[in-house]
Amino acid sequence: MAVKQHYLPQRQRNILNKVLVTGIGLFLLLVFLTPLGYMAVSGIKSTDQINDPDASPFWPQSPKTVDYEAETLQVFEVPTDDGVKELAAVKKTRTMTTFIDPANPAAGQIEWEGNWRQLTPVYQPNPQWENFKTAWNELNFPRLFRNTLIIAVTGTFGAVASSILVAYGFSRFDFRGKKVLFMILIGTIILPAQATLIPTYIVFARLGWINTFLPLIVPHFFANAYNVFLLRQYFLQIPREIDQAAMIDGAGPFRILTSIIIPQSVPAITAVSLFHFFFAWNDFFTPLIYLVSKPELWPLSVGLQRFNATYGRMPNLIQTGALITLVLPVIIFFMAQRVFMQGIVFSGVEK
Amino acid sequence: MATLNRPQVTSETPVATRAVKTPKQGHMQRYHNKWGLIFISPWILGLLLWLLIPTLATLGFSFTNYSAVTPELTQFVGLKNYIRLPTDPKVVTSLWVTIRYALVSIPITLGFGLLLALLGNSEHLMGKNVFRTMFYMPMMIPAVAGAVIWKGVLNTQTGWFNLGLEAVGVPGPDWINSPTWITPALVFIGLWGVGNLMLTLMAGMQGVPTELYEAAELDGANGWQKFRNVTLPMISPVLFYNFTLMLIGTFKYFDMAYVLKDGTGGPADQTLFYVLNWYKNSFEYNLMGYGSALAWLLFLIVLVLTIVNFRAQSSWVYYAGEGEG
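Residues numbered from 1 in each chain as written. Chains lettered and ligands numbered in written order. Predicted model: local features only at pLDDT ≥ 70, side-chain atom pairs only at ≥ 80, totals over all residues. Heavy atoms only, no water.

So, about the overall build of chain B. For chain B, the helix and strand inventory stands at 15 helices and zero strands. When burial is assessed residue by residue, chain B has 49% of its 325 residues classed as buried. Long-range pairs, those at least 24 residues apart, make up 64% of the contacts in chain B with a sequence separation of at least 6. Here chain B displays about 15700 Å² of accessible surface, and carbon together with sulfur accounts for 67% of that area. (Helix = DSSP H or I, 4+ residues; strand = E, 2+ residues; numbered from the N terminus. Buried < 20%, exposed > 50% of the residue type's maximum accessible area, 1.4 Å probe, protein only. Contact = heavy atoms within 4.5 Å. Areas by Shrake-Rupley, 256 points an atom, 1.4 Å probe, with all protein chains shown as cover.)

Next up, the structure:
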């Protein structure tokens, strides 16, 4: 058999390889993304549905009931002489249960001997779409979204604007000490936030900035190493002859930046903006430190964490909340994924 | 060599002297100095305000017993905070929890990332772009949302993870509440952040010259040998870059541990990562002097790790163009 395989035509072998490799990839992907599936279906279950051991662990299901003579009756799978039938229990006792056939109630009551508890209840799909509304109000999502947007948008503006200026300085001007300063800039990447946080916190407290957005926004207006590094790499690729030509035409350094460098660097600037926006959207540590005692100013991250810590009895709403929290960054990511992934590879591989 | 250097220009240097020597160069240099510093000034200011001064202030605080509750009682205590560090069982535990996580998680994540990068670069894979995008996507999920999702998935009663294990006949443990299983759980959760690693490895693999593979094939190398002797050495700089990032990242690990166990560090202190212990001391117990000492120890650890990493890389990282001349 092994010998025979070698004689498989090239085309068939290619198809086999394609199916095999793609199959492995799909399988891994499926396992990898399973937690998102759990989130999505748990988010549309009620707590009863989550805790019901007989209900499907996957799709939200409730015991099937029918209304009969102003009463709500539960439906069971009942073994009868004509095979298993779905019947609604009218009267349940331990030794005898009276059923009616919901498909044909006029046929009258059917009696079945045995304990009704041994019967399998019939389940039907019953997704709880109103969880979205409940979670939206319970977690106060309008407020969480507003706070997150204020922090993310202003912070992104500050980070991008300042990083453009600094990257321009490092890429276009041969000032003295540039090499040393650039090495210091890169070196700051390893400095842990914890090494600076306590004195900064104390100063912010003295300034009355605790429980305001300022500690989450203001420091970003002073550029940071990642953004400057990525933008500088990109600016360096723009030929200097272009700015020299503009300089001869009388353009000053600011003019060159706004009319040549920035328009040429839209992909890099977009990538940096997205990075910072996501960073601010997802940041949990900084708002935890500066805003924790002021619920009115909580962003999504802190709001969801507090809800999770307080309402452990509502695992369904926690999952709905997680879904609402992640949907915007994920959608933006899908829309901008090309720019995004280029930015990562650019900053990661080019060193 | 010295003669090739540009004359030292300081603010005291008389302008006339420079003008005589290199009139145009001096002018250009002044232009570059002026505008360069103007443009980088936001960063210089930030460096002083948010990095240098606070880091030094942290060092200062670390020699005091500063507490946010009673700042007026602050006293200089010398090295007391530092002497306490090695005898504080929480510090020892937090270091062990952090290092153990790094030791387990980094090799597994690197292996998984390599596997995904190989798959993603395979000529046989259909839908490459979808593959890359979907494996990267969880990195976009806010850490808190990711944590609550995983807390649900790993739940003993209703989580899918244990249902899957039961389906193949293995009784699943209580991942989140068992001191033994919380670390493996965190390793699984950590795999969700494989996106950056995968992308940079893929790009690194694409950068390997095809001639090298052709030469290896001529020498009769099989697939594994090509991977071992061509791909792996050629992508070692990328592996190294990611290794360094992940190692430092472990010493900053906080969000997941905090959200999964509501900041308690439990079960049995097994999620008491270094930064969580720092946070509890500094902001829950308000021991900011002691917290400052913890912060400086963290800074030193990260610094040493980075230096050791860069030293060690010369022994196994291959950079193209090196050692040929």
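A tally of regular secondary structure across chain A gives 16 helices and eight strands. Of all 351 residues assigned to chain A, the portion counted as buried reaches 48%. Long-range contacts, defined here as pairs at least 24 residues apart, represent 63% of the contacts in chain A between residues at least 6 apart. Taken as a whole, chain A presents about 17800 Å² of accessible surface, with 61% of it coming from carbon and sulfur. On chain A, the mean spot of the 27 positive side-chain charges and the mean spot of the 22 negative ones are 18 Å from each other. (Lys, Arg positive; Asp, Glu negative; His and termini not counted. Charge placed at Lys NZ, Arg CZ, Asp CG, Glu CD.)

Now for the confidence of the model for chain A. Taken as a whole, chain A shows an average pLDDT of 89; of its residues, 95% reach a score of 70 or greater. Taken element by element, the predicted model of chain A shows its lowest mean pLDDT in helix 1 (residues 2-5) of chain A (48) and its highest in helix 5 (residues 141-172) of chain A (97). (pLDDT = per-residue confidence, 0-100.)

Residue and element names in this part refer to chain A. Within the element layout of this structure, threonine 98 appears in strand 5 (residues 96-100). A relative accessible area of 8% places threonine 98 in the buried class. With residues up to four places along the chain from it excluded, the contact list for threonine 98 reads Ala88, Ala89, Val90, Lys91, Gln109, Ile110 and Glu111.

Another point: the packing of helix 14 (residues 300-310) of chain A against helix 6 (residues 143-153) of chain B. Running from N to C, helix 14 of chain A and helix 6 of chain B cross one another at 25°; their axes reach a closest spacing of 9 Å. When the interaxial angle is binned, helix 14 of chain A and helix 6 of chain B end up roughly parallel. For the pair helix 14 of chain A and helix 6 of chain B, the contacting residues are Ser301(A), Leu304(A), Gln305(A) and Asn308(A) in the first and Val144(B), Ala145(B), Val148(B) and Lys151(B) in the second. Residues of the contact of helix 14 of chain A with helix 6 of chain B, tallied by class, amount to four nonpolar, three polar and one charged. (Axes fitted to C-alpha atoms, helices over the stretch in contact; angles between N-to-C directions. Parallel < 35°, antiparallel > 145°, perpendicular 65-115°, else oblique. Nonpolar A, V, L, I, M, F, W, Y, C, P; charged D, E, K, R; others polar.)

Across the contact, 92 residues belong to chain A and 90 residues belong to chain B. A combined buried area of about 8300 Å² lies between chain A and chain B, and 79% of that area is made up of carbon and sulfur atoms. Applying the counting criterion to the chain A and chain B interface returns twelve residue pairs in polar contact (both at pLDDT 80 or more). Residue classes in the side of chain A that touches chain B are distributed as 63 nonpolar, 21 polar and eight charged. (Buried area = accessible area lost by both parts, 1.4 Å probe. Polar contact = N/O pair within 3.5 Å; in protein donor to acceptor, adjacent residues only side chain to side chain.)

Throughout the structure, instances matching the rule amount to eight salt bridges over all chains. In this structure, Glu217(B) and Lys226(B) form a salt bridge, with 2.9 Å as the shortest nitrogen-oxygen distance. Exposure remark for Glu217(B): the relative accessible area of 47% places this residue in the partly exposed category. Through salt bridges with shared partners, one network takes in Asp174(A), Lys178(A) and Arg240(A). (Salt bridge = Lys/Arg side-chain N within 4 Å of Asp/Glu carboxyl O.)

The next subject is the environment of Val238(B). Residues and elements named next belong to chain B. On the secondary structure map, valine 238 appears in helix 12 (residues 236-250). Judged by relative accessible area, which is 7%, valine 238 ranks as buried. The residues touching valine 238, leaving out its near neighbours within four places in the chain, are Thr200, Leu201 and Gly204.

Residues and elements named next belong to chain A. With respect to the helices, strands and loops of the structure, aspartate 243 is situated in helix 10 (residues 240-248). When its relative accessible area of 7% is taken as the criterion, aspartate 243 is described as buried. Separated by 2.6 Å, the side chains of aspartate 243 and arginine 172 make a polar contact. Leave out the neighbours within four places in its chain, and aspartate 243 touches Arg172, Ile256 and Ile260.

Right, let's talk about the pairing of strand 5 of chain A for a bit. All names here are of chain A. Counting buried residues along strand 5, four of its five residues qualify, which places the element largely inside the surrounding structure. Across four bridges, strand 4 (residues 83-92) lies against strand 5 in antiparallel orientation. Within the sheet, the bridge partner assigned to lysine 91 lies in strand 5 and is threonine 98. Between strand 4 and the antiparallel strand that follows it, strand 5, lie three residues. Both strand 5 and strand 6 (residues 109-113) contribute to a ladder of five bridges, which runs antiparallel. (Pairing = 2+ DSSP bridges.)

The biggest cluster of nonpolar side chains holds 135 residues, and the ones touching the most others in it are Leu36(A), Ile289(A), Phe135(B), Leu186(B), Phe254(B) and Trp278(B). Per-element accounting of this core gives the leading share, eleven residues, to helix 4 (residues 89-121) of chain B. When near neighbours in sequence (up to four residues on either side) are disregarded, Phe254(B) contacts Phe284(A), Phe285(A), Leu288(A), Val275(B), Leu276(B) and Tyr279(B). Among the nonpolar cores identified, the runner-up in size contains 34 residues, and Ala251(A), Tyr31(B), Phe39(B) and Trp43(B) belong to it. (Core = buried A, V, L, I, M, F, W, Y, C linked by side-chain atoms within 4.5 Å.)

Before going further, it helps to examine helix 14 of chain A. In terms of residue burial, helix 14 of chain A counts as a mostly covered element, since eight of its eleven residues are buried. All of the buried residues along helix 14 of chain A are Leu300(A), Ser301(A), Val302(A), Gly303(A), Leu304(A), Gln305(A), Phe307(A) and Asn308(A).

Negative phi characterises most residues that are not glycine, and trans characterises most peptide bonds. Residues and elements named next belong to chain B. Residue glycine 266 is joined to proline 267 through a cis peptide bond whose omega torsion reads -5°. One can find proline 267 in the loop between helix 13 (255-260) and helix 14 (274-284). One non-glycine residue, aspartate 262, lies in positive phi territory at about 50°. Here aspartate 262 shows up in the loop between helix 13 and helix 14. Using a relative accessible area of 31% as the deciding quantity, one classes aspartate 262 as partly exposed. In this model, asparagine 286 sits at a positive phi of 60°, which is unusual for a non-glycine residue. As for its placement among the helices and strands, asparagine 286 is situated in the loop between helix 14 and helix 15 (288-316).

What the rule picks out here adds up to 55 aromatic pairs over all chains. Where Tyr279(B) meets Phe283(B), the ring centres are 5.8 Å apart and the plane angle is 25°; that geometry is what we call stacked. On the criterion of helical spacing, the pair formed by Tyr279(B) and Phe283(B) is a turn pair, its members being four residues apart in helix 14. Over the face of the ring belonging to Phe182(A) we find Arg232(A), whose NZ or CZ atom lies 4.1 Å from the ring centre. A cation sits over an aromatic face here: Arg84(B) above Tyr290(B), 3.9 Å from the ring centre. (Phe/Tyr/Trp six-rings, centres within 6.5 Å; stacked < 30°, edge-to-face > 60°. Lys NZ or Arg CZ within 6 Å of the ring centre and 35° of its normal.)

With that out of the way, let us pick up a nonpolar patch on the surface. On the surface, a cluster of nonpolar side chains totalling about 470 Å² of accessible area is made up of Trp96(B), Ile99(B), Leu103(B), Val104(B) and Ile108(B). Here Leu103(B) lies in helix 4. (Patch = residues over 30% accessible without salt bridge, like charges linked within 9 Å, V, L, I, M, F, W, Y side chains within 5 Å.)

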